[in-house]
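What follows is the residue order along each chain.
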Amino acid sequence: MTDKRIMTVNPLTEKVIETYAIMSDQEVDATVRKSHDAFLDWRLRSLEDRARVIAAIGDKLREKKEDFAQLMTQEVGKLIGDSRDEIDLCAAICDYTAKAGPVELADDQREVDGATAFVTHSPIGVVYGIQPWNFPAYQAVRYSIASLMAGNGVLLKHAESCTGSGIFLRDVYESAGLPQGLFGVLRITHDQSDEVIQHELVRGVTMTGSDKAGRHIAAKAGEVVKKTVLELGSNDAYLVLDDADLELAVKTCVAGRIYNNGETCVNAKRFIVTEKNYDAFVKAYAEQFEAIAIGDPTEDGTKLGPLVTREQRDKLHKQVQESVEKGAKLVVGGQVPDRKGWFYPATVLADVAPGQAAYDDELFGPAASIIRAKDDDDAMRIANDSRYGLGGGIFSKDVEKAKKLAATFFDTGMVFINSFDVATPNLPFGGVKNSGYGREHGPEGLKEFVNIKSIKIAA
Ligand code: NAD
């Protein structure tokens with residue numbers, strides 16, 4: 001960002017894609033008001049009517065899939081296959097929401113003594129979303145579709161790197177029949193964002209991003225007593241227990257770390273392997289990671305594209321270097337390649353321990369942290385020894401044992417047993433501790449920004 005402009009830059013070519021003017025305060029206010037005006041009509045439309053528009057958005061996303069995927073890859077360096085999958089996921093979210101919305105948000109009759117009663121899920125007004133660049137479509141779709149289904153207006157402040165994707169999405173929504181202005185895109189500074197949070201017509205704030213930014217945004221919303229949902233970062237742990245299928249564990253943990261260039265909140269990041277399997281895991285993991293070549297993300301078959309910005313790449317490299325200085329063992333990668341584009345090689349750190357960034361913090365890129373545990377109990381302890389708690393995984397042939405660990409001991413919002421996954425439209429998504437609070441997806445996500453209102457009628 002410069003003084004009054006946002007520039008999007010292709011991470012592969014380092015060339016400017018587009019320059020956008022930052023909005024004036026008057027334009028921001030007008031966008032908020034337009035969304036609110038449109039909301040006043042939208043909230044009166046039936047759940048079924050709104051669901052029809054949401055379903056049409058899903059169809060339109062499928063129609064525009066290739067153009068949208070190409071734009072996302074240009075803006076953030078995602079592999080083109082991952083971009084196409086992302087649009088499919090967004091369309092699936094629309095399908096789910098159109099089907100489940102009218103059921104989940106319908107009035108709920110309650111039995112009470114001496115009266116009749118029901119609970120409504122009324123829209124609250126304009127919901128403001130602040131989103132990151134790593135899934136330019138999905139991040140914006142997952143909160144906005146739920147809120148639109150609920151009858152709210154929605155604002156989007158997207159990450160600067162994917163400004164074009166935010167605008168593209170708005171055009172998709174409107175061409176599918178969403179009332180003009182109901183979904184407003186803001187191109188604003190962080191100071192202006194603070195003003196939007198305070199705006200009298202903004203009723204809720206949802207943010208996905210780093211815990212540092214989350215703290216600031218939640219504090220601003222707290223000052224004016226507005227509800228927030230925070231979807232923040234993590235250093236998700238994947239446990240490889242004594243009785244794990246090692247081949248499956250290695251293969252899945254490699255894929256779970258490298259997915260989306262390693263720039264995903266729920267990427268598998270820390271691999272906690274018991275003594276029994278440790279050496280074999282490190283060897284096999286390193287062999288597979290070493291074979292992952294960097295390349296042009298627009299070409300099918302490329303396994304690892306560039307990171308989104310030079311700053312993100314340099315930050316990751318610094319974290320890797322500092323971890324090595326503090327005792328981590330660099331097994332694979334770890335050198336910034338001498339070529340155009342913000343590439344970082346697939347990197348493996350072993351013997352990772354507390355006090356190192358690779359253990360304590362989030363590495364947002366293709367660098368894996370492997371940690372040695374004495375036994376299964378020790379592995380579970382290490383997994384929870386984190387300020388984060390978004391997702392995690394367990395590899396064990398004893399599924400009942402893994403289910404118990406997941407349900408009772410894993411202190412995160414999501415756990416994947418013998419697999420890696422990202423998001424499923426009907427399963428709640430979100431974290432605990434510094435990974436935030438609130439949920440997206442599923443019935444839980446549909447009800448984050450509604451007024452759950454009790455109405456009691458005297459007999
Ligand atoms: P970031 O926090 O720097 O930025 C995310 C968004 O917040 C951007 O739009 C940015 O402009 C905005 N922002 C930052 N500071 C702000 C402020 N003071 N006021 C208003 N807006 C502000 O995060 P990032 O580095 O771009 O994204 C990566 C982070 O996001 C990682 O930590 C990742 O784990 C996390 N993430 C979490 C989830 C999840 O669902 N939990 C999903 C994707 C990414």
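The name given to the chain in an unreviewed UniProt entry is NAD-dependent succinate-semialdehyde dehydrogenase, with Stakelama tenebrarum as the source organism. We quote the UniProt Sequence similarities (unreviewed entry) comment for the chain here in full: "Belongs to the aldehyde dehydrogenase family."

*Asks:* Would you explain the site of the ligand in this entry?
*Replies:* Taken together, the neighbourhood of the ligand is formed by 28 residues, with Trp133, Arg142, Ser210, Leu232 and Glu362 sitting nearest. A distance of 2.6 Å separates an oxygen atom of the ligand from a polar side-chain atom of Trp133. Between the ligand and Gln312 there is a distance of 3.4 Å, counted from an oxygen atom to a side-chain nitrogen or oxygen. One can see that the ligand is located within the largest pocket. Of all the elements in the fold, those that place two or more residues in the shell around the ligand are helix H5 (138–149), helix H7 (190–198), strand E8 (202–208) and helix H8 (211–223). With three residues, the single largest contributor to the shell around the ligand is H8.

*Asks:* Would you take a moment to explain empty space enclosed by the protein for this structure?
*Replies:* For the structure on display, the rule yields five cavities of 30 Å³ or more. Volume-wise, the largest cavity comes out at about 100 Å³. What lines the largest cavity is a set of 15 residues, and nearest its centre among them are Tyr143, Ala146, Gly445, Glu448 and Phe449. Every element with two or more residues in the lining of the largest cavity is listed here: H5 and helix H15 (442–446). In terms of residues, the lining of the largest cavity owes the most to one element, H5, which gives four residues. Its residues assigned to classes, the lining of the largest cavity shows seven nonpolar, four polar and four charged. The volume enclosed by the second largest cavity comes to roughly 60 Å³. For the second largest cavity, the full set of lining residues is Ile93, Tyr96, Thr97, Arg142, Ile145, Ala146, Pro425, His441, Gly442, Gly445 and Leu446. Mapped by element, the contributors of at least two residues to the lining of the second largest cavity are helix H4 (80–104), H5 and H15.

*Asks:* Help me out: how do you make sense of unusual backbone geometry in this one?
*Replies:* Of all residues except glycine, most have a negative phi; of all peptide bonds, most are trans. One non-glycine residue, Glu14, lies in the positive phi region at around 65°. The topology assignment puts Glu14 in the loop between strand E1 (5–9) and strand E2 (16–21). Residue classification places Glu14 among the partly exposed positions, given a relative accessible area of 27%. Unlike most non-glycine residues, His441 shows phi in positive territory, near 70°.

*Asks:* Looking at this model, I keep getting lost on the state of the cysteines. Mind explaining?
*Replies:* Any covalent bond linking the sulfur atoms of two cysteines counts as a disulfide. Considering all chains together, one arrives at zero disulfides under this definition. Just so you know, Cys94 is unpaired, no disulfide at all, and the nearest cysteine sulfur is the one on Cys90, 7.2 Å from it. We note that Cys162 lacks a disulfide partner, and the nearest cysteine sulfur, in Cys90, lies 12 Å from it. On the accessibility criterion, Cys162 (0% relative accessible area) is buried.

*Asks:* Before we go on, may I ask you to explain the sheet that holds strand E14 (residues 367–373) in this structure?
*Replies:* Hydrogen bonds along the backbone pair up the strands of a sheet, which may run parallel or antiparallel. Here seven strands make up an open sheet; going across it, the order is E12-E13-E14-E11-E10-E15-E16 and the pairing mixed. Both outer strands of the open sheet, strand E12 (329–332) and strand E16 (416–417), are each paired with one neighbouring strand and no more. Pairing between strand E10 (residues 237–240) and strand E11 (residues 270–274): four bridges, direction parallel. Note that in E11 the partner of Leu239 across the bridge is Ile272. Its contacts with the sheet put helix H9 (residues 246–258) on E10, E11, E14 and strand E15 (392–395), and the angle it makes with E15 is roughly 165°. Against the sheet, helix H10 (residues 275–290) makes contact with E10, E11, E12, strand E13 (347–350) and E14, and its axis sits at roughly 170° relative to E14, the strand it touches most.

*Asks:* Which parts of the structure should I look at to understand the packing of aromatic side chains?
*Replies:* Counted according to the given criterion, the structure contains twelve aromatic pairs. Ring geometry for Tyr238 against Phe420: centres 6.3 Å apart, planes inclined by 50°, an arrangement best described as tilted. Highlighted residues: Tyr238 in strand E10 and Phe420 in the loop between E16 and strand E17 (436–437), separated in sequence by 182 residues. Comparing Tyr238 with Phe420, the two get one shared label, buried. Following the ring pairs from residue to residue traces out a cluster consisting of Phe135, Tyr138, Tyr238, Tyr259, Phe271, Phe281, Tyr285, Phe289 and Phe420. Sitting over the face of the ring of Phe449, Lys227 holds its NZ or CZ atom 5.7 Å from the ring centroid.

*Asks:* Quick question: what am I supposed to make of the packing of helix H3 (residues 65–76) against H4 here?
*Replies:* The description of two helices packed together rests on the angle between their axes and the distance between the axes. Following both chains from N to C, one finds H3 and H4 inclined at 130°, their axes separated by 8 Å at the closest point. The pairing of H3 with H4 is recorded here as oblique in orientation. In the crossing of H3 with H4, the sense of the turn from one axis to the other is right-handed. Along its contact with H3, which presents Lys65, Glu66, Phe68, Ala69, Gln70, Met72 and Thr73, the element H4 presents Ile80, Ser83, Arg84, Glu86, Ile87 and Asp88.

*Asks:* Please explain the UniProt feature "domain: Aldehyde dehydrogenase" (unreviewed entry) in the chain as it appears in this structure.
*Replies:* Mapped onto this numbering, the UniProt entry annotates "domain: Aldehyde dehydrogenase" (unreviewed entry) at residues 4–455. Split by type, residues 4–455 is 43% helix and 20% strand. Its first and last C-alpha atoms lie 49 Å apart.

*Asks:* What's the story with the layout of surface pockets in this structure? I'm lost.
*Replies:* By rolling a water-sized probe across the atoms, one finds the places where empty space is left. By volume, the largest pocket amounts to about 1500 Å³. Those elements that provide at least two residues to the lining of the largest pocket are E1, H7, E8, H8 and helix H11 (310–325). Of the residues forming the lining of the largest pocket, the biggest block, six residues, is contributed by H11. Of the residues that constitute the lining of the largest pocket, the class distribution is 17 nonpolar, 14 polar and 14 charged.

Conventions and cut-offs
Residues numbered from 1 in each chain as written. Predicted model: local features only at pLDDT ≥ 70, side-chain atom pairs only at ≥ 80, totals over all residues. Heavy atoms only, no water. UniProt positions renumbered as here; feature names shortened; annotations may be inferred. Near = heavy atom within 4 Å. Polar contact = N/O pair within 3.5 Å; in protein donor to acceptor, adjacent residues only side chain to side chain. 1 Å grid on protein atoms, 1.4 Å probe; cavity = no way out; pocket = protein on both sides within 12 Å on 5 of 7 lines; lining within 4 Å. Sits in = over half its atoms within 2 Å of the grid points. Helix = DSSP H or I, 4+ residues; strand = E, 2+ residues; numbered from the N terminus. Points joined across faces, edges and corners; volume = space filled by probe spheres on them. Nonpolar A, V, L, I, M, F, W, Y, C, P; charged D, E, K, R; others polar. Buried < 20%, exposed > 50% of the residue type's maximum accessible area, 1.4 Å probe, protein only. Disulfide = S-S within 2.5 Å. Pairing = 2+ DSSP bridges. Contact = heavy atoms within 4.5 Å. Axes fitted to C-alpha atoms, helices over the stretch in contact; angles between N-to-C directions. Phe/Tyr/Trp six-rings, centres within 6.5 Å; stacked < 30°, edge-to-face > 60°. Lys NZ or Arg CZ within 6 Å of the ring centre and 35° of its normal. Parallel < 35°, antiparallel > 145°, perpendicular 65-115°, else oblique. Left-handed = near helix turned anticlockwise from the far one by under 90°.

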